[in-house]
Structures are given as structure tokens and as C-alpha cells.
There are 2 protein chains.
Amino acid sequence: ALAAPALAQSQPTLNWRLASSFPKSLDTLFGTAEVFSRRVAQLTGGKLNIRVFAGGEIVPPLQVVDAVQNGTVEMGHTAPYYYFGKDPTFAFDCAVPFGMSSRQQTAWFDQGGGRDLLREFYRDYGVINFLGGNTGAQMGGWFRKEIKTLNDIKGLKMRISAFAGRVMAPLGLVPQQLAGADIYPALEKGTLDAVEWTTPYDDEKLGFYKVAPYYYAPGWWEAGAQLSFYIGIKEWEKLPDDYKFAIEAASYEAHVTMQAQYDAKNPPALARLIKNGAKMRFFSKEIMEACYKAAMTTMEEEASKNAKFKKIWEPYKRFQRDQNQWNSVSEYPMQNFMAARK
Amino acid sequence: ALAAPALAQSQPTLNWRLASSFPKSLDTLFGTAEVFSRRVAQLTGGKLNIRVFAGGEIVPPLQVVDAVQNGTVEMGHTAPYYYFGKDPTFAFDCAVPFGMSSRQQTAWFDQGGGRDLLREFYRDYGVINFLGGNTGAQMGGWFRKEIKTLNDIKGLKMRISAFAGRVMAPLGLVPQQLAGADIYPALEKGTLDAVEWTTPYDDEKLGFYKVAPYYYAPGWWEAGAQLSFYIGIKEWEKLPDDYKFAIEAASYEAHVTMQAQYDAKNPPALARLIKNGAKMRFFSKEIMEACYKAAMTTMEEEASKNAKFKKIWEPYKRFQRDQNQWNSVSEYPMQNFMAARK
């Protein structure tokens, strides 16, 4: 093949910085920005050069949206629900409690009107967003003791994502905020009872199974956590069309490869965890029903006082209901049958 | 934004023809090649220009692989299991009975070794393949009468895909080959008892619900039918790297958008079908178990006499088993719970 330079000399060379929310050690999360960046470089003859920085290298992991908004970096790669504290509406670009699956979320975003709704929301933050991967349904986390009834949740000190914490607080859960390095010793001492992280491939690295062996499913607060690429709108609008096309196409590729990597890596990781002492458990129907009810109450409460939230929640809810009905006659009966095969 | 021409004058202008297996009326299938072609043009400054032709315009819909192989066209977009008659191994790039779901198939292809295995197989046909979309789990088809027991399958004349026909023939099904236009009148007269097509959005256009109202699920022979872009290897190898990058990236985008379109369009289509008289039914556990057993027998038989088939079936089978085990503790319990919400 020829190796001619792709782009005319008339196109500008741009050196961008991308702030990731993730450490290099979480390679599926961090690596997705590298997949993206590599492809954009290839598609622009190396002229749009996006350097990826791990969480904390330029800005703290949970301040990526601020860094893009104030122009510290041109781009970010993040889990939008990290900005729940600014506005719970961010979570629709990632995961809401009892929300859509990975595939449903993609359908809503790409073909169901989600992209436009989210871009309207992000405009107030000076950001334009692109598909940036999905983890698939996450696990419900690691518990020191079995959780059998609603009573076992009362007083339970758990490190859990903000939205789930808000949902479960009325059920008696005591959400905890701990820095990453403090979690393991707190679990070991028993000053923390439980922690949720992501899926087996990531969870395995953190070793929680040694001190909190009960591994619960499903992680109903992250039924399909989508990640997002952020670009400062002013930077975006300055780009030549060719570079915009490259970014759009590379975003789809990154989106596919993250989910595929998690799917390929999670089964062997789960097998290793179980071999090493993790004990799989499922939240009881009583607990799931109570959490679902609490989640819907929380969603409707938020919608009643937050117009931006309501504007997305109403169509999201309808789309999800339709997806669940269709799923229940297509994928679901097929997977129901296949789940019993060994 | 600037609108400068993207590519240096040194790059060649190429006018390619892409033969689709699909008619323009099936817009999600046909349209996916247009999504691909449009993006490739954008990413190459209009220099790699791929014109999409509907099934039959250049070559018959089921001869796309031949057309690419013999150089009639540079590219194709097709459902690889159409070439089951040449070699059932093609089906691993599309769907095998009780095979992987859409997401699992993507994971296997992209991150589980599937791409390399399939490309090795395709080399004998002078073809290199790229992800080209997925329909998701298809329906089990339209039946004039209810199918309750295995006895109801005996003597049933059904238009069904080749692989499923081979699996079900030992159970007494009589697979039929009919041209598209002949199906409806045959169902109406009762010379045909059943037909399977794809999913509600496509099925609705064909009107089968008027003459064969029992709409069965799941379509276990197409648990996630993947489509494929074919390029003649000689044409591929002549391409500048920039054009190869454009094709690779655009293929991921087309892959995402097809599944997302089906997901967005199927729920309202199913609702309309039911309103217009379609009656949803599920294959009984007895029938599913018998078909599964027959399918596994067929797969192992083929593997025992076809080394190319065996070379892919063995790793495919292991990957699928691992995916099902992981699914059964993550997505599945979540969707199990959500399927009961209304």
C-alpha cells in the first residue's frame, strides 16, 4: 500500500489534550480514549493529534467536565454521572437507576433522540458529547456479609455511586465517600461494609474479594453505564469538516471496542474471582422491588423540581418501556433459554 | 468551519461499486451500506467513492460473494449465511442455530479472535470482511396455525433459512424455497404453512400477519444475525493506508447504526402488528429443547466432516459458553427483572 501523507498542507496541525477520568491501570476504560485518539490521527494524516492524559495528570478524575468547560483541555473522556452533584441530568448520558441496558442506551442515543436531548443539555456547560463506550451491566458490589432482606440494608455503610446512594438512603443505607486507597483497609477493619466498583475484570485488580467476599448482582444502578467524549464547543466549531468527520467516526469505533473488550475479558475474570473465594449472590426479589420503587420515586421527585431532568426523563422513560416490551419477546426469551445451557 | 479539500492531490480517485443483497425497501439493511459509503467519502475527501447498488441491480441478491470474488464489483454488503450452500462455515460471520446474541457476536468478532478466524476462511474466496451491522434476535416467523407440540412441526411446510431447515428436517419440518413474491399467495392458499423473515419492522412491510397471524418467538436460528462488508482482497491491498483506515472506521459506525435502528424501529412496529391482528406466541420448552438438541447434533456432524467449520466452531462454542455464564449473572438477571416492568 502507498504511504502518502493524507491531508493537504492547507489543513492545520492541532495538538489537543484529552483528560481521562481513569487511571492507566483500568485499561479498558483508559484505553478507549487511546483507541479513539489513534484512529483520529490516522484519519487526519496525523494532523489532529490528541494526547491522552490519565485521571489526575492534568485535572482530578472527577473534574473532567470543568476542565473542558473552562478550556484547560480541549477534550475529556469520562463517566457523565460523576457530575451528578452539579445536576443529576448528567446521568442520562451514563446510567440512571434501573435504566437502559448497553444496547438500549446506544439505540436511544443514536437513533432514539437521545443525542439531541443531551447535546442541548450540555450546551450550558460549553461541551459537545460523543459516544465513548459502555461497560455493560455492572455488578452490585462486594459485601462483607450476606444481604438477604431489606433489614440487612439498614445501617449498611457502603461506598456507592451518588445516584444509587440517594435512592437507597431512604431504605437505611449509609452511603460513604472514600478515596480509592482507603476502601480496602476500611473493608478489612469493618468500618466499611460494602463497596461497588464496576465489573469482574476491573474489580479483580482491587482485591476486594479477600475482605468482602459476597459478590452481588445485578448492579441495578448501572444496567449499562455509557461513557462519553467531551469536546469544548468552541474548539469543535473551529474544526475543519474533515476533522469533525474523523472524530464522529472514531467515536463509534471506540464505542464498539470498549463493550467488546469488557465482554471478552469479564468471563475469565469472574471465573478467577470465584476460584479465589468470591461468592456469587443475587439481590432478593424483595430488595430489588423495594429499590425499584425507591428509584422511581427519586426519579419523579427530581423531575418535579428540575426541568432539565424532566425534559430528558420523560422521553427516556417511554423509550425504555418500549425497549423492555420488545426485549421481552425477542432477546429475552432467547437469552432465557441460553442462560440454562452449560 | 473551513471546507478545505481533505486529501492531497497525490491520492487516487477511486470509483467503486458495492453490491448489496438487499432491496431499497428494507431500508435498515440497505441503508447501512449507504451510511458506510457516505462516511468513507467524507473521510477521504470524496476520493474513495463507493456507489451502493440494491440486490439484483448488478448481481442477484444471493450472489454477492461471487461478484466480489470474481471482481464484478469491488465490494458487497450481505448476510454471510446466504452462502451456506457453498460452505456452512460462512454462517459464523452471521448466525448459527442457538448462536450468540448481537452483542456477544460483536465481542467475539472484535475482541475474541473471530475476525482473524473468519478472515482466514474468507481468503479462499478472495474476500476480506468487515463488521456490517446486526439485526438483533429475530422472530421465529409467521404461522397459519398454532404450533404447540413437536407433532405440530411434522409435515409443516415452512420457508426458512437454510441452516435452520437442515436442523429441523429431522424433526419433520419440510423446508421450502420460494421467491419473495410467491410467499404471500402460497400462505394464503395454504400450500405454505409458515415463513420466517426478520424482525417486526421488516416483517410488517410484507403483510404476512394477514394470512399467517401467529407470530412466534424466539428465532433461535438467528439470535443475532450479523451482516458483513466484503472487499476483494486484491482491491483492498492496492488501497493507500488512509483509505483502509477510513473503511475500518466507517465499518464500526455502520455496525452501530444498524442495530440501533432496528432497536428504535421494532417496538412501534410490533405494537402496530399486534393492533392489526398478529398474535404473539412463544415456542414451547419441548420444542426449544428438541430444536437445540437437533442443532447441536447438526453442528457437531458438520464439524466432523468439515475442517474449516470445526476450526471456527470449537473456539466459537467456548466463547459462547463463557458469554452465557457471564450473561447469566449480569445482564440476564437485570433484564429478567426489567422485563416484568410495564
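Parameters at a glance
Residues numbered from 1 in each chain as written. Chains lettered and ligands numbered in written order. Predicted model: local features only at pLDDT ≥ 70, side-chain atom pairs only at ≥ 80, totals over all residues. Heavy atoms only, no water. Helix = DSSP H or I, 4+ residues; strand = E, 2+ residues; numbered from the N terminus. Expected span 1.5 Å × (residues − 1). Polar contact = N/O pair within 3.5 Å; in protein donor to acceptor, adjacent residues only side chain to side chain. Pairing = 2+ DSSP bridges. Right-handed = clockwise from strand over helix to strand, strands pointing away. Buried < 20%, exposed > 50% of the residue type's maximum accessible area, 1.4 Å probe, protein only. Arc of directions from axis to C-beta. Contact = heavy atoms within 4.5 Å. Axes fitted to C-alpha atoms, helices over the stretch in contact; angles between N-to-C directions. Parallel < 35°, antiparallel > 145°, perpendicular 65-115°, else oblique. Left-handed = near helix turned anticlockwise from the far one by under 90°. Nonpolar A, V, L, I, M, F, W, Y, C, P; charged D, E, K, R; others polar. Least-squares fit on C-alpha atoms with pLDDT ≥ 70 in both. Buried area = accessible area lost by both parts, 1.4 Å probe. Salt bridge = Lys/Arg side-chain N within 4 Å of Asp/Glu carboxyl O. Phe/Tyr/Trp six-rings, centres within 6.5 Å; stacked < 30°, edge-to-face > 60°.

Caption draft 1: Expanded view of helix α11 (residues 307–327) of chain B. Here α11 of chain B spans 30 Å end to end across 21 residues, near enough to the 30 Å set by a 1.5 Å rise per residue. The opening residue of α11 of chain B is asparagine 306 of chain B, an N-cap whose side-chain oxygen sits 3.1 Å from the backbone nitrogen of lysine 308 of chain B.

Caption draft 2: Expanded view of the pairing of strand β2 (residues 48–53) of chain A. Residue and element names in this part refer to chain A. Sheet topology places strand β1 (residues 14–20) next to β2; six bridges connect them, and they run parallel. Its bridge partner being in β2, arginine 17 is matched across the sheet by arginine 51. Remark: the β1/helix α1 (residues 27–43)/β2 crossover connection has right-handed handedness.

Caption draft 3: Spatial organisation of helix α6 (residues 180–189) of chain A. Residue and element names in this part refer to chain A. Turning to α6, its buried residues number three or more, namely Ile183, Ala186 and Leu187. Looking straight down α6, one finds that the buried residues subtend no more than 100 degrees of arc, so they occupy a single side. Of the exposed residues in α6, the ones pointing more than 90 degrees away from its buried face are Ala181, Glu188 and Lys189. Contacts from the buried residues of α6 go to β6 (157–159) and β8 (194–195).

Caption draft 4: Up close: the packing of helix α10 (residues 285–305) of chain A against helix α11 (residues 307–329) of chain A. Residues and elements named next belong to chain A. Axis separation between α10 and α11 bottoms out at 6 Å; the angle between their running directions is 130 degrees. In this view, α10 runs oblique relative to α11, as classed from their interaxial angle. As for the relative orientation of α10 and α11, their crossing is left-handed in sense. Two secondary-structure elements touch here, α10 through Met296, Met299, Glu300, Glu302, Ala303 and Lys305 and α11 through Ala307, Phe309, Lys310, Trp313 and Lys317. Here the residues of the contact of α10 with α11 are counted per class, giving six nonpolar, no polar and five charged.

Caption draft 5: The arrangement of the relation of the copies chain B and chain A in detail. With an RMSD of 0.0 Å, chain B superimposes on chain A once it is rotated by 180 degrees and translated 0.0 Å along the axis. Both copies of the chain, as the preceding transformation shows, are related through a two-fold rotation axis. Interface residue correspondence from chain B to chain A reaches 100%, placing this contact among same-surface, isologous pairings.

Caption draft 6: Molecular detail of the sheet that holds strand β7 (residues 174–176) of chain A. Taken in spatial order, the six strands of this open sheet run β7-β6-β8-β5-β9-β11 (chain A), and their pairing is mixed. The sheet is open, and its two edges are formed by β7 and β11 (279–282) of chain A, each paired on a single side.

Caption draft 7: Geometry of the interface of chain B and chain A. Taken together, the contact between chain B and chain A spans 79 residues of the former and 79 residues of the latter. For the pairing of chain B and chain A, the buried interface totals around 7,000 Å² over both sides, and the portion due to carbon and sulfur atoms is 65%. The largest contributions to the chain B side of the interface with chain A come from Arg103, Trp326 and Met334 of chain B, which together make up 10% of the buried area. Across the chain B-chain A interface, the total number found is six salt bridges. Glutamate 289 of chain B is the salt-bridge partner of arginine 341 of chain A, the closest N and O atoms lying 3.0 Å from each other.

Caption draft 8: Fine view of the pattern of salt bridges. Residues and elements named next belong to chain A. All told, the structure shown has 44 salt bridges over all chains when counted by the stated rule. A salt bridge links arginine 103 to glutamate 331; its shortest N-O distance comes to 2.7 Å. With arginine 103 in helix α3 (residues 102–111) and glutamate 331 in helix α12 (residues 331–339), this residue pair connects regions lying 228 residues apart in the sequence. Put simply, lysine 238 and glutamate 235 hold a salt bridge, and the shortest N to O gap is 3.6 Å. Here glutamate 235 and lysine 238 lie together in helix α8 (residues 233–238), a separation of three residues that amounts to about one turn. Judged by relative accessible area, which is 58%, lysine 238 ranks as exposed. Via salt bridges that share partners, Glu300, Lys310, Glu314 and Lys317 belong to a single interconnected network.

Caption draft 9: Fine view of the packing of helix α4 (residues 114–123) of chain B against α11 of chain B. Residues and elements named next belong to chain B. The contact between α4 and α11 brings their axes to 10 Å, and the two run at 170 degrees. Comparing the axis directions of α4 and α11 gives the class roughly antiparallel. The residues of α11 that touch α4, namely those facing Leu117, Leu118, Glu120 and Phe121, are Lys308, Lys311, Ile312 and Pro315. Residue composition of the contact of α4 with α11, grouped by class: five nonpolar, no polar and three charged.

Caption draft 10: Representation of the packing of aromatic side chains. Residue and element names in this part refer to chain A. Overall, the coordinates contain 64 aromatic pairs over all chains when judged by the stated rule. Ring geometry for phenylalanine 92 against tyrosine 316: centres 5.2 Å apart, planes inclined by 55 degrees, an arrangement best described as tilted. Here the residue phenylalanine 92 occupies a position in the loop between β3 (75–78) and α3, and tyrosine 316 occupies one in helix α11, the gap between them amounting to 224 residues. Tyrosine 316 matches phenylalanine 92 in its accessibility class, with the two residues each being buried.

These values are about where atoms sit, not about what they do.
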